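# Secondary and tertiary structure notes
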Amino acid sequence: MVDAARKAGTATRRAVFELFARRLPAGRRYGVSAGQGRFLEGLANFRFDDEHLGFLSDHHVVSEDTLNWLAEYRFTGNIFAYAEGEPYFPNSPLMQVESTFQEAVILETYLLSVHNYDTAVASAASRMTMAAGGRPCIEMGSRRAHEEAAAAAARAAAIAGFDSTSNLAAGLRYGITTAGTAAHSFTLLHDDEQAAFEAQVEAMGNQTTLLVDTYNIEQGIRNAVDVAGPELAYVRIDSGDLLEEAHHARRLLDDLGNTNTGIVVTSDLDEYAIAGLRSAPVDSYGVGTQLVTGSGAPTASLVYKLTTREDQHGNWIDVQKQAEGKTSRGGRKFAARRMHNNVATAEVVIADEQPAWDANHRPLLVQMVTEGEIDSRYTGAAAVRRAAAHHSHTLAELPRDARRLQAGEPAIPTIFALH
């Protein structure tokens, strides 16, 4: 597209692209915007080096003129977006990229890849932490995802309320608290379970988590208490009927004097399983596969569409796709959350002209890039912490129906209003 547009003389026309979802995953009541910080970190280094250019040249992908342009590529436009952790709804304008057509369109695949995955994970994670009712959730999905997606998932989960991750790369990059336990292979390595526990406690101290279901859960708990004593931090249960096993484990731990030893449960948990364990004496949930695959919605189905552009005379004109079932709305968008008594009642989207929002509307779009300069507040470890706090605050604004796991309509409507 860039090569053809350069030949046609249209590549340098100013344009605005918009990131949005036509709908939420089936039955979901809200989504959670995520990935902006990770995208901006990548944008800072979005370059075509000699290896890339050589491949494009050798395979005759683009012309010499476009190769020369790619060699000097730097994004010089503006980007407005929802804050990470912000709930969103169908047709929310999650990001707007304003630049020349060629600068903006070249980012399409990278931008969609980051936001579709991170948003899917954050949206699932939010439902899980909500179902957990304040009990900590540990992200443990690295073995079920691409190695880079694993760190991205840990970041997205932290934004949506997960307390820690087993992914050390995410801890290094984003300052997320790391946590984990031994696997069954560690127990099976040793001659018996007690020997394995002794080795772990010797290395990690009594304030560790012992996996007690390799052989027999009841005996595993007894062995754990024998080895670590009343200071044992947690036991982990990874199999069986978790509701029943958690109740039995709590009674046994208390009978053995380990009243302060907590219980961590794992084993393909999703938001529904977590909700089903609300009555169980569980202290923490370890979540893996369902989290990093979006709990049934592995992509947020976000799209990136041109909504307004300059014509040959420099006048701005709104454009939109009109194909049945895949329509888009033209124009540069401005969005706000309509509020009543601190509760959200609608997503209001206005095109073309910046409105003067009144006190009943909370504006949603913030400028993250200005003429190519990235605002550092939206990248790095501090940005993840701010996004997590923002998510907690803005989720609390949604109507009570948003907290229901049962399938339903979006928690609030999206209203397109005339200025």
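Residues numbered from 1 in each chain as written. Predicted model: local features only at pLDDT ≥ 70, side-chain atom pairs only at ≥ 80, totals over all residues. Heavy atoms only, no water.

### Examining the packing of aromatic side chains
According to the stated counting rule, one finds eight aromatic pairs in the structure shown. Measuring from ring centre to ring centre gives 5.6 Å for phenylalanine 39 and tyrosine 110, while their planes differ by 35°; the resulting arrangement is tilted. Here the residue phenylalanine 39 occupies a position in helix 2 (residues 36-43), and tyrosine 110 occupies one in helix 6 (residues 108-132), the gap between them amounting to 71 residues. Geometrically, the ring pair formed by phenylalanine 48 and tyrosine 73 is edge-to-face, given 6.4 Å between the ring centres and 85° between the ring planes. Taken together, the residues span a long stretch of sequence, with phenylalanine 48 in the loop between helix 2 and helix 3 (50-58) and tyrosine 73 in the loop between helix 4 (64-71) and strand 3 (78-82) at a distance of 25 residues. Of the two residues, phenylalanine 48 and tyrosine 73, neither departs from the other in class, the shared state being buried. (Phe/Tyr/Trp six-rings, centres within 6.5 Å; stacked < 30°, edge-to-face > 60°. Helix = DSSP H or I, 4+ residues; strand = E, 2+ residues; numbered from the N terminus. Buried < 20%, exposed > 50% of the residue type's maximum accessible area, 1.4 Å probe, protein only.)

### Focus: unusual backbone geometry
Negative phi characterises most residues that are not glycine, and trans characterises most peptide bonds. Located in the positive-phi region is asparagine 342, a residue other than glycine, with phi close to 65°. By the element assignment, asparagine 342 lies in the loop between strand 14 (333-340) and strand 15 (343-351). Asparagine 342 gets classed as exposed once you look at its relative accessible area, which sits at 66%. A positive phi angle is found at glutamate 371, which is not glycine, with a value near 50°. The topology assignment puts glutamate 371 in the loop between strand 17 (365-370) and strand 18 (373-374). Judged by its relative accessible area of 63%, glutamate 371 falls in the exposed class.

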